[in-house]
Amino acid sequence: MSDDPHVGARPRWRVSRELRPEGTVVDLGRGVLLGGPEVVVMAGPCAVEGRTQMLEIAEAARAAGAAVLRGGAFKPRTSPHSFQGLGVRGLELLAEARAATGMPVVTEAVDTESVPLVAEYADMIQVGARNMQNFGLLRRVGGTGKRVLLKRGVGATVDELLLAAEYILAEGNEAVALCERGVRGFDPAAPRVFDLNAIPLLRALTHLPLVADPSHGTGVRAHVAPMARAAVAAGADGIIVEVHTNPSEARSDGDQSIYPGQLRELVPECEAVARAVGRSLASPTAAPAAGGDP
Ligand code: PEP
Ligand code: MN
């Protein structure tokens, strides 16, 4: 019997832990399992900006100990005047970075039309916070059968997040991980509230793996590492962190992007915290031999 008062309230939902008490493990490929005993570090730039930028950051992320590479080719921007991503070229660069590092790639699909294209390149498709309740998009990514990283909307309740995931599972796709990335708060000094509370709550409610995003959760470079460590302590199965070699020149989310050197410090810290809570850290896939395509 769980002592969590929320458990048992959602018995017929496909995401409910009652249906799979042991939890779901999402196989991200290349030996990386999300939702198992090992905590997975995902890292990379907010947006793919160019070949050198992407390949340098990918190599730095792998060398720092990250197991999965992130990077947006299609960016959901608040302003239509902001950089929208490199599109197909960005996907090609992600594929090149995957071949060079051996890391599985997570990248976002921002609309239903681009889902088949993104699915061709991505190991895991991200549905962003702004699209959490884009039900057509949820059905479409569910239909691809690809792994999905579903981010919580900034004003979404935990039940709304679970029900959004339900749309994907209803398409027969259970390879879904949920991502806490902060909600909108009331304090101008800290406008983003990284809802760590949601991690143990979601853990009790759902069998799906849980990822935490302290980059969007805080929006502040200096706050990323402490909240990443806290997320691992709270029981996250993975963290996703934005990294940039030159954040002041980044075309999106530079203020919250950490330097590769900071990631190199953060990974062993997360490993220490993981061990303290009875887990370990997923090791990065071995880099393929030069010129080799794994
Ligand atoms: C991102 O991952 O860069 C992103 C835009 O995330 P979110 O949808 O959580 O804002
Ligand atoms: Mn971002």
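Our structure's up above, just so we're on the same page.
This write-up is about the structure you can find in this document. A quick note: this is a predicted structure, and the numbers were derived from the prediction, not measured. (Residues numbered from 1 in each chain as written. Chains lettered and ligands numbered in written order. Predicted model: local features only at pLDDT ≥ 70, side-chain atom pairs only at ≥ 80, totals over all residues. Heavy atoms only, no water.)

## Re the layout of surface pockets
By volume, the largest pocket is sized at about 530 Å³. Taken together, 26 residues form the lining of the largest pocket, with T78, R130, R181, R192 and H216 sitting closest to its centre. Residues belonging to the lining of the largest pocket are distributed by class as follows: six nonpolar, nine polar and 11 charged. (1 Å grid on protein atoms, 1.4 Å probe; cavity = no way out; pocket = protein on both sides within 12 Å on 5 of 7 lines; lining within 4 Å. Points joined across faces, edges and corners; volume = space filled by probe spheres on them. Nonpolar A, V, L, I, M, F, W, Y, C, P; charged D, E, K, R; others polar.)

## Notes on the pairing of strand β7 (residues 147-151)
Counted residue by residue, β7 has five buried out of five residues, so it is predominantly covered. By the alternation rule, side chains of β7 split into R147, L149 and K151 and V148 and L150, which are all buried. Sheet topology note: the strand β6 (residues 124-127)/β7 ladder contains four bridges and is parallel. Residue pairing for β7: V127 is matched across the bridge by L150. (Buried < 20%, exposed > 50% of the residue type's maximum accessible area, 1.4 Å probe, protein only. Helix = DSSP H or I, 4+ residues; strand = E, 2+ residues; numbered from the N terminus. Pairing = 2+ DSSP bridges.)

## Overview of the coordination of the manganese ion (ligand 2)
Of the protein atoms, only C46 (SG), H216 (NE2), E242 (OE) and D253 (OD) coordinate the manganese ion (ligand 2), at distances of 2.0 to 2.4 Å. Written as a sequence motif, the donor residues of the manganese ion (ligand 2) are C-x169-H-x25-E-x10-D. In this pair, C46 is assigned in the loop between β3 (38-44) and α1 (51-64) and H216 in helix α7 (residues 214-218), connecting sequence segments 170 residues apart. C46 sits in the buried class, given a relative accessible area of 3%. (Donors = N, O, S within 2.8 Å, 3.2 Å for Na, K, Ca; no water.)

## Focus on the site of ligand 1
In the vicinity of ligand 1, the contacting residues are C46, R70, K75, P76, Q126, G128, A129, R130, K151, R181, H216 and E242. A distance of 2.9 Å is found between an oxygen atom of ligand 1 and a side-chain nitrogen or oxygen belonging to R70. The contact in question runs from an oxygen atom of ligand 1 to an N or O atom on the side chain of H216, over 3.1 Å. Protein contacts shield 97% of the accessible area of ligand 1, which totals 290 Å² for the unbound molecule. The pocket occupied by ligand 1, as judged from atoms lying within 2 Å of grid points, is the largest pocket. (Near = heavy atom within 4 Å. Polar contact = N/O pair within 3.5 Å; in protein donor to acceptor, adjacent residues only side chain to side chain. Areas by Shrake-Rupley, 256 points an atom, 1.4 Å probe, with all protein chains shown as cover. Sits in = over half its atoms within 2 Å of the grid points.)

## Describing the packing of helix α8 (residues 221-234) against helix α9 (residues 260-276)
Helix-helix packing is characterised by the crossing angle of the two axes and by the distance between the axes. It is at 8 Å that the axes of α8 and α9 come closest, and there the two elements cross at 20°. Taken together, the axis directions place α8 and α9 in an arrangement best described as roughly parallel. Both α8 and α9 take part in a crossing whose hand is right-handed. In this structure, α8 uses R221, A225, A228, R229, V232 and A233 to contact α9, whose residues at the interface are Q262, L266, E269, C270, V273 and A274. (Axes fitted to C-alpha atoms, helices over the stretch in contact; angles between N-to-C directions. Parallel < 35°, antiparallel > 145°, perpendicular 65-115°, else oblique. Left-handed = near helix turned anticlockwise from the far one by under 90°. Contact = heavy atoms within 4.5 Å.)

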